Number of protein chains: 2
Amino acid sequence: MASSTPAYDQLARSFTRLHHLDHLQSIAYWDQAAVMPAGGAEARAGALAEVATLMHQARTDPALAQALSAAAGEPLDDFQRANLREMGREWRAANALPEALVQRSQLATSRCEHAWRQQRPANDWAGFLDNFRAVVDTAREQAQRLSQQAGVRPYDALMDRFEPGMTCARLDPLFADLRTWLPGLVQQVRARQRQDVVLQPQGPFPVEAQRALCVQVMQWLQFDFNAGRLDVSTHPFAGGVPEDVRLTTRYETGEFITSLLGAIHETGHGRYEQGRPRAWLGQPVSQARSMAIHESQSLSFEMQLARHPGFLARLAPMIRQAFGDQPAFAPDNLLRLVTRVQPGLIRVDADELTYAAHVMLRYDIERRLIEGEIAPDDIPALWDAGMAELLGLDTRGNFSDGPLQDVHWPEAMFGYFPCYTLGAMYAAQWFAAMRRDLPGLDAGIDAGDLAPLFGWLQQHIWQQASRWTTDELAVRASGEVLNPAHYRAHLEARYLG
Amino acid sequence: MASSTPAYDQLARSFTRLHHLDHLQSIAYWDQAAVMPAGGAEARAGALAEVATLMHQARTDPALAQALSAAAGEPLDDFQRANLREMGREWRAANALPEALVQRSQLATSRCEHAWRQQRPANDWAGFLDNFRAVVDTAREQAQRLSQQAGVRPYDALMDRFEPGMTCARLDPLFADLRTWLPGLVQQVRARQRQDVVLQPQGPFPVEAQRALCVQVMQWLQFDFNAGRLDVSTHPFAGGVPEDVRLTTRYETGEFITSLLGAIHETGHGRYEQGRPRAWLGQPVSQARSMAIHESQSLSFEMQLARHPGFLARLAPMIRQAFGDQPAFAPDNLLRLVTRVQPGLIRVDADELTYAAHVMLRYDIERRLIEGEIAPDDIPALWDAGMAELLGLDTRGNFSDGPLQDVHWPEAMFGYFPCYTLGAMYAAQWFAAMRRDLPGLDAGIDAGDLAPLFGWLQQHIWQQASRWTTDELAVRASGEVLNPAHYRAHLEARYLG
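It should be emphasised that the depicted structure is a prediction, and the values quoted were computed from it without experimental measurement.

Colleague: What should I look at first to understand the pattern of salt bridges in this one?
Modeller: As a working rule, side chains carrying opposite charge can pair if their charged atoms are close by. Applying the stated rule across the entire model yields 62 salt bridges over all chains. The closest approach of N and O atoms between B:R347 and B:D406, which form a salt bridge, is 2.9 Å. A residue pair is termed long-range when its members are at least 10 positions apart, and B:R347 in the loop between α13 (331–338) and α14 (355–370) and B:D406 in the loop between α15 (379–391) and α16 (418–437) qualify at 59 residues. For the pair B:R347 and B:D406, one class covers both residues: buried. A salt bridge links B:R488 to B:E492; the nearest nitrogen and oxygen atoms lie 2.9 Å apart. Here B:E492 and B:R488 lie together in helix α20 (residues 485–496), a separation of 4 residues that amounts to about one turn. Judged by its relative accessible area of 30%, B:E492 falls in the partly exposed class. The network of salt bridges with shared partners includes A:R153, A:D364, A:R367, A:R368, A:E371 and A:E373.

Laid out in structure tokens, this is it:
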């Protein structure tokens, strides 16, 4: 019997092929970051460029455009229609921009990112600007073209690559509200914590013992080591494919909490990936919903769960087993350690409370940069003013630990930063919903029983993949679209409670 | 100015693209063998099938055939003509067989190899035969078609995939001659060694210390760790790409010499790959010449060099440093250990002398199998007779350690086995030539100076890649085509001298 959906079927086959190429690309990226010797870099770049070209060719094949049109008129069920929606998103992302502009942008970011690696340690803002202006120029041109096509603001068009459907119009009130209470909360919490006695763990902490502890905790978090690995890379990340998730962390012998919390963070990403519905793999509808939803999983693990007093009480004996006993390993001291609020210059080292300030500052600057309100030269002054206002820090002249600290700008990842704080907000919202759905949640965590928590995330987030828009997903999971009140309530309960 | 060789230029670009796909394939294979968790197998199989399909499509593109014809009439220099010759080889290998036959063969070998993994430990010859008959059927059909096309014997056509230009007509006299003296030499050596006192090293030998020793020896052998790695896999191999060579070994704590010699063997393969001319990479002319030449490099390292008394004298202190001192680590005892002759059932565990007997037996059987002189059912009787005649062993009823022991037959790699012994012969020939060209060679090895040896191999073998046919390569390197007298002289000097 002939299929009644031949165009859709053809699309499904094409996207399965893309999925296989994506597999090779993901493993080659992991290999490059985790195990490749330096001498392999040039050959790897050539091979990765080849697979990128093949994927771009597949996505810009005119037959794909025809099939997308034809499939829209076929008798698809709701699931197929959701998959078609995501296919369309992927197609538009690949076809929206002229090839020459894409190449010009890649050249500019590649040059800027490469030089930035030396310029950051050298505090060389002027040198950075020389390359960064071209990055901003091509990003603005991309934003302009995308925004005209989609009828949205230029910055919205860039943010849509990471967070489909999110707009400045929704984000601005969220962040404006945050600005009204966050700096005050930080002051209040710092005053309360001033008298706390916090014992620092005394090293050294051997790398092998740290790694074994990370693996033990990841097993407790039900990361499936039959479908994934933990390795080491300079910049920790979650990569690989859902059937074989590659997480990385890094170890310093003087301190173990950063790498442990890092591994827990990546495990949140990893379980989302491992939990994507296997039956849909290869189809765009099987992809993770968005970067904010992805961060909501890593932060559910790292912030909501790992800083839970019940979790820390269970973690303490594992830490003692790994490194021997110390007074600093008492659960209440561990809690004070991981909830210590201390404004600092570096985003990735920031505590749970001040992290959002780093994000708001970057959003404010990059939004105005993309929409032409400011020039790249204006960034340092805005940076200094923002850090003084939000965190009370003097950053003048320190570019290395200022606007040069993140890889996002040299790589033109404009629109990504908001996802971190949106993820923290969603994570608080999921936990509020879970506490409503699962009255025994906290008692379960106290008892070391994480199955109900993971069952909820599996059912409401992981298994849903891209079946729904982000708003639909949030409503189905928690009864409402993104509601930042849960985030504020969580922070106030944890830090003032 | 327009190129005067447009077809050749187009070919060069196509093969560079193939080279990039081969890079991704090689890294994915290494990953699968060395680090992939079991749960990733199915997804990896899909991705590897996709890249194989892409490579096959590229090699069977009609435009490639047209360009090959057109390039033959272009004003190419000698180097370009050699590259064109190798392009033609690759093209013929991909285009010679109908797609349906290739798929039927892949299905048969995949089923047979998969079941063999259980059947070998279960000694299940009857179960193996059920699948193996289809493997032999499709291999015979391939051999028939290839032989008609190329005007050679069916077995020659299969052997040509691994050892271009080698034929039964050349091989049969070599092996017939071997048969006249090898069994007698084995007897003679065993009688001489009967009185030897050989001390066995006493373990345990911790894996980390073994690994460190392997790395130290590989550094001495000038393996470039900036362009390669050493890892662990069940079946040791040399993989990756020339800029990033991935070697594997495996460790048992009860014994260290096997893994050390294994690492030295793979280092021979690895240095050949690392030594392939970088300027030609991406072109077929840059490939290793053949499997026999590849084995001649691993055996130059493992047999010629690593069993050299001067090398062992330098190795002994490294072994002592790794594991502490033992009487068994005295250089003369190490020499007795690694030159001990002992007929055994397993090819991969065989000593230098009896190894060739295993190869000759397999060649004899598979040649007659492919050319229809015998049926798969006849193998055990021939196996038993051959092992009795060549090595004086009774193998009746023991299929696991008999015809089921190698992966080559379930994988239809008919024509590969001879390369091992051809490689041993070439290795002896290279060392004879080196001793003529470099009169201080042995004194240099005694003094730990391996630079002249590596310089010779670099110049005469590695840098030549596929610039010449195998015969031309041998003549340029050693003044003559393959001459098995060097192999016999080497064995007699080492074991009777």
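Once you've had a look at it, read on.
Colleague: Whenever I open this one, the relation of the copies chain B and chain A confuses me. Can you help?
Modeller: Mapping chain B onto chain A is achieved by rotating through 180 degrees and translating by 0.0 Å along the same axis, at an RMSD of 0.0 Å. Interpreted geometrically, this transformation is the action of a two-fold axis. Identified as the residue of chain B closest to the rotation axis by C-alpha distance is B:L24, at 3.3 Å. When the interface residues of chain B are mapped onto chain A, 100% of them again lie at the interface, so the same face is used by both copies.

Colleague: What should I look at first to understand the UniProt feature "binding site: Zn(2+)" (unreviewed entry) in chain A in this one?
Modeller: All names here are of chain A. Per the UniProt entry, the sites bearing "binding site: Zn(2+)" (unreviewed entry) are H265, H269 and E295 in this numbering. The greatest C-alpha distance among the residues just named is 8.8 Å, despite their covering 31 residues of sequence, which places them together in space. In this fold, H265 is placed in helix α10 (residues 257–275). Apart from the residues lying within four places of it in its own chain, the contact partners of H265 are E295, S298, L299 and E302. As for its position among the elements, H269 is in helix α10.

Colleague: Looking at this model, I keep getting lost on the environment of A:S400. Mind explaining?
Modeller: Residues and elements named next belong to chain A. Relative to the elements of secondary structure, S400 occurs in the loop between α15 (379–391) and α16 (418–437). In this structure S400 comes out as buried when scored by relative accessible area, which is 11%. Spatially, the C-alpha atoms of S400 and E371 are 25 Å apart, while their sequence positions differ by 29 residues. Only 2.6 Å separates the side chain of S400 from the backbone oxygen of R120, close enough to count as a polar contact.

Colleague: For this particular structure, what's the right way to read the interface of chain B and chain A?
Modeller: The interface of chain B with chain A comprises 30 residues on the first partner and 30 residues on the second. Interface area, chain B with chain A, both sides summed: about 2,500 Å², of which 63% is carbon and sulfur. Remark: the boundary between chain B and chain A carries 4 salt bridges. Counting every contact that joins chain B to chain A gives 10 residue pairs in polar contact (both at pLDDT 80 or more). Those elements that place two or more of their residues in the side of chain B that touches chain A are α1 (6–34), α2 (41–59), β1 (228–232) and β3 (244–249) of chain B. Broken down by element, the side of chain B that touches chain A gets its largest block of residues, 9 residues, from α1(B).

Colleague: How should I be thinking about the sheet that holds β1(B) in this particular structure?
Modeller: The strands making up a sheet associate through hydrogen bonds between their backbones, and the pairing can be parallel or antiparallel. Residue and element names in this part refer to chain B. Read from one edge of the open sheet, 3 strands run β1-β3-β2, paired in mixed fashion. Two strands bound the open sheet, and with one partner strand each, they are β1 and β2 (238–241). Direction aside, neighbouring strands of the sheet carry axes that sit 20 degrees apart on average. As judged from the 5 bridges shared by β1 and β3, these two strands associate in the parallel manner. Across the sheet, residue R229 finds its bridge partner in β3, namely R246. Of the strands in this sheet, β1, β2 and β3 touch α1, which is tilted by about 30 degrees from β1.

Calculation rules
Residues numbered from 1 in each chain as written. Chains lettered and ligands numbered in written order. Predicted model: local features only at pLDDT ≥ 70, side-chain atom pairs only at ≥ 80, totals over all residues. Heavy atoms only, no water. Salt bridge = Lys/Arg side-chain N within 4 Å of Asp/Glu carboxyl O. Helix = DSSP H or I, 4+ residues; strand = E, 2+ residues; numbered from the N terminus. Buried < 20%, exposed > 50% of the residue type's maximum accessible area, 1.4 Å probe, protein only. Least-squares fit on C-alpha atoms with pLDDT ≥ 70 in both. Contact = heavy atoms within 4.5 Å. UniProt positions renumbered as here; feature names shortened; annotations may be inferred. Polar contact = N/O pair within 3.5 Å; in protein donor to acceptor, adjacent residues only side chain to side chain. Buried area = accessible area lost by both parts, 1.4 Å probe. Pairing = 2+ DSSP bridges. Axes fitted to C-alpha atoms, helices over the stretch in contact; angles between N-to-C directions.

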